[in-house]
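Analysis of the macromolecular model
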2 protein chains.
Amino acid sequence: MPDERTAPGSPAPAGEGARRRPTSADVARRAGVSRATVSFVLNDNPTQRISPATREAVLAAAAELGYLPSPHAAALRSGRSKLVLMLVPHWASSETVMRYLELAGSHLAEHGLLSVTHIERSAPLRELLTAVHPAAVLSLVPLSDEESALLAQAGVVEVHGYIADFPDRTRTVTLNQEHMGHAQATHLVDRGYDRLVYVAGPEIGHPIRPAGRLAGARAAADEHGVPLEHRTYRTEDELAALVDAWHSSEGRLGVCAFDDVTALEVLASLRTHGVDVPGHVGIVGMDDIPAARFSEPPLTTVRPQLGPQALAVAHATLEALDVPFDDTEKVASGEMPVAAVVQRSST
Amino acid sequence: MPDERTAPGSPAPAGEGARRRPTSADVARRAGVSRATVSFVLNDNPTQRISPATREAVLAAAAELGYLPSPHAAALRSGRSKLVLMLVPHWASSETVMRYLELAGSHLAEHGLLSVTHIERSAPLRELLTAVHPAAVLSLVPLSDEESALLAQAGVVEVHGYIADFPDRTRTVTLNQEHMGHAQATHLVDRGYDRLVYVAGPEIGHPIRPAGRLAGARAAADEHGVPLEHRTYRTEDELAALVDAWHSSEGRLGVCAFDDVTALEVLASLRTHGVDVPGHVGIVGMDDIPAARFSEPPLTTVRPQLGPQALAVAHATLEALDVPFDDTEKVASGEMPVAAVVQRSST
DNA sequence: CTGTTAGCGCGTTCAC
DNA sequence: GTGAACGCGCTAACAG
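Residues numbered from 1 in each chain as written. Chains lettered and ligands numbered in written order. Predicted model: local features only at pLDDT ≥ 70, side-chain atom pairs only at ≥ 80, totals over all residues. Heavy atoms only, no water.

Per an unreviewed UniProt entry, chain A goes by LacI family DNA-binding transcriptional regulator and derives from Demequina zhanjiangensis.

This is the structure in structure tokens:
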């Protein structure tokens, strides 16, 4: 690691777009008042009375200078920042997850909390905390004990908004995986499939295990007295073998796929083998990706309900930070309606 | 808004994880040295000689206390932060874009810059700058004049890493759209299609216009003396009409689709109409989404090369911040190899 | 009432 | 190796 500080190559680091940011002192000077007054006006401090005249003068000066209070100074003084840091594992940066974070971020913004996302991998948490000091960290996956300790020491509140089933910690909201499998299986049973299979392909680079979804599907199968098997495949050939067996089986088989991409792969194999879909075999995916609409036949799928989840995690964050919020619409994290079947053909 | 501060529900808001963060003064006390010494040791300040003994003492004390320097105090003092804020419009939070940001973030991290992402929509930039004061802002889309002015006033460097063709500003790196269309058209011509169509569907919620990609496709068509038409559809019926016309046309028609989802939709319609793909009509998508592998037939597509783009934008950022970097691998932004054809069947 | 002075919070850095 | 000042916004104590 060539640890050259200021390389000889760059002679004058000045000049850059680095114009000095106007400070409250600048505003005070321009308005002909003290810095304290500026602060009182700009923060609408109710413990102080300021004449409309000076008030106007200060606001005008601030506007003309394009004054922005320094987050550093403010946070340093008050000890609390308005920032929420969302931690996303790099394998989870999907569109769905991003929409989830966006929704949660909107809710937090309504309560004065700004949120930014860090896609983990580029730098360890310890280093990250060297650059930002958020009021809270919202993690989509469990944090290690070291990381938790780090946050505790830094006085940063820890909130968990899991996108998969992980062991609960304090302040945990989880996108319930059981519901997903349950919805898939129920849909298939309702459509008259009298035998179920839960299928997962090779997991490519993410640690979400089918266990939760499978358990949900199994529960639904049990409720209806329908048998359910669990199958996985690692290669195209293994998948072909599965499909082959299904082809020559009796009755109507319902397939719950781990996700839409898996479902599309299975569906492709079913086509290749000339299996009658949805007549002999029915299949349901999970996620409702755009491509699901255009397969042959179009894929039935289950869409996660991100709205309630996002709201719940936002509430958990607000609560942890002692920010008051209207809890009439508070969502019970245990009863979140996380999945709904999207009706399409294919079954 | 019921502005109750400490809700009756939570009796003792104390005890929270809010233990006071240890400061450099704490470390100094514990090590029996001055705060200045602590700073020198922890920053490996080369202008100061510290005896190994004190050095050890300081490091030990810091470790025992779990000391983390406050980013606020550091930034306040030094005037510069190590943070890069990436701005993503909410319509662009796709997997591809996230991978792009992740790659750029990794490069920046190698040079001591930490990056966080803000998905625009939840809060305006002005408010955001109230919570974080980054050294640079990296935006994926053009900023408004107000926003630019805001950043300039705040002394924040502005870098553009466009994911589509937008008018260039200073420090702009663009994921060249022409290359994409060019690659699609070239592939089709190479496969013997003697007539081309560029197709775009209804754009759903994003402002990326096909113009650049279309122009690239046209250029490729011209190079080979092949005619190219531009077609758009808004509804399924309009698409059906297009496909119908193609069905009864002469020769071999090559279709360049705006993106993979569009391609899959067109492909579905081609199937419905019984068009011979890839015999009579060939089609190429753009993006290489996972689902492309499982359509009927599997979709040929073009994958954007994010690596060079990410590297280029990271370099642009480092340059703007006067951070020295090894520019032997510097990428010329004008000549970025942004697209490569992924071989599949279908054509 | 209206506004000012002074000092804090924390890490960095200059001068001794 | 240390003392002290600094960067910037907030607010308790105080004066007009």
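There's plenty left to go through after this.
Of the regular secondary structure elements, chain A holds 12 helices and 11 strands. Against the 2.2 N^0.38 benchmark of 20 Å for 347 residues, chain A shows a C-alpha radius of gyration of 27 Å, more extended than a compact globule. Overall size of chain A, expressed as C-alpha extent along the three principal axes, is 90 × 55 × 40 Å. For chain A, with 347 residues in total, the buried portion stands at 50%. The long-range share in chain A, meaning contacts at least 24 apart out of those at least 6 apart in sequence, stands at 70%. With the model as given, the accessible surface of chain A reaches about 15,500 Å², and the carbon-plus-sulfur share is 51%. Mean positive and mean negative side-chain charge positions of chain A (30 and 43 charges, respectively) differ by 10 Å. (Helix = DSSP H or I, 4+ residues; strand = E, 2+ residues; numbered from the N terminus. Rg over C-alpha atoms; globule rule 2.2 N^0.38 Å. Buried < 20%, exposed > 50% of the residue type's maximum accessible area, 1.4 Å probe, protein only. Contact = heavy atoms within 4.5 Å. Areas by Shrake-Rupley, 256 points an atom, 1.4 Å probe, with all protein chains shown as cover. Lys, Arg positive; Asp, Glu negative; His and termini not counted. Charge placed at Lys NZ, Arg CZ, Asp CG, Glu CD.)

Residue and element names in this part refer to chain B. An ideal rise of 1.5 Å per residue puts 20 Å on 14 residues; helix 3 (residues 52-65) measures up with 20 Å between its terminal C-alpha atoms. Of the surrounding secondary structure, the elements contacted by the buried residues of helix 3 are helix 1 (24-31) and helix 2 (35-42). Residue G66 follows helix 3 closely and has a positive phi angle near 65°. (Expected span 1.5 Å × (residues − 1).)

For the rest of this paragraph, the subject is the packing of aromatic side chains. Residues and elements named next belong to chain A. Tallied over the full model, the rule gives two aromatic pairs over all chains. Judged by centre distance (5.3 Å) and plane angle (85°), the ring pair of Y162 and F166 falls under edge-to-face. Judged by relative accessible area, which is 0%, Y162 ranks as buried. Accessibility expressed as a relative area gives 18% for F166, which makes it buried. In this structure, R252 packs its charged tip against the face of Y193, placed 4.1 Å from the ring centre. (Phe/Tyr/Trp six-rings, centres within 6.5 Å; stacked < 30°, edge-to-face > 60°. Lys NZ or Arg CZ within 6 Å of the ring centre and 35° of its normal.)

A word on the interface of chain B and chain A. Taken together, the contact pairs 71 residues of chain B with 71 residues of chain A. In this assembly, chain B packs against chain A so that about 6,400 Å² is buried in total across both faces, 59% of it on carbon and sulfur atoms. Here chain B is connected to chain A by two salt bridges. At the junction of chain B and chain A, the tally comes to nine residue pairs in polar contact (both at pLDDT 80 or more). Residue assignment for the side of chain B that touches chain A shows that the elements contributing at least two residues are helix 4 (71-78), strand 1 (83-88), helix 5 (95-109), strand 2 (114-119), helix 6 (125-131), helix 7 (145-154) and helix 11 (260-272) of chain B. Of the residues that constitute the side of chain B that touches chain A, the class distribution is 34 nonpolar, 19 polar and 18 charged. (Buried area = accessible area lost by both parts, 1.4 Å probe. Salt bridge = Lys/Arg side-chain N within 4 Å of Asp/Glu carboxyl O. Polar contact = N/O pair within 3.5 Å; in protein donor to acceptor, adjacent residues only side chain to side chain. Nonpolar A, V, L, I, M, F, W, Y, C, P; charged D, E, K, R; others polar.)

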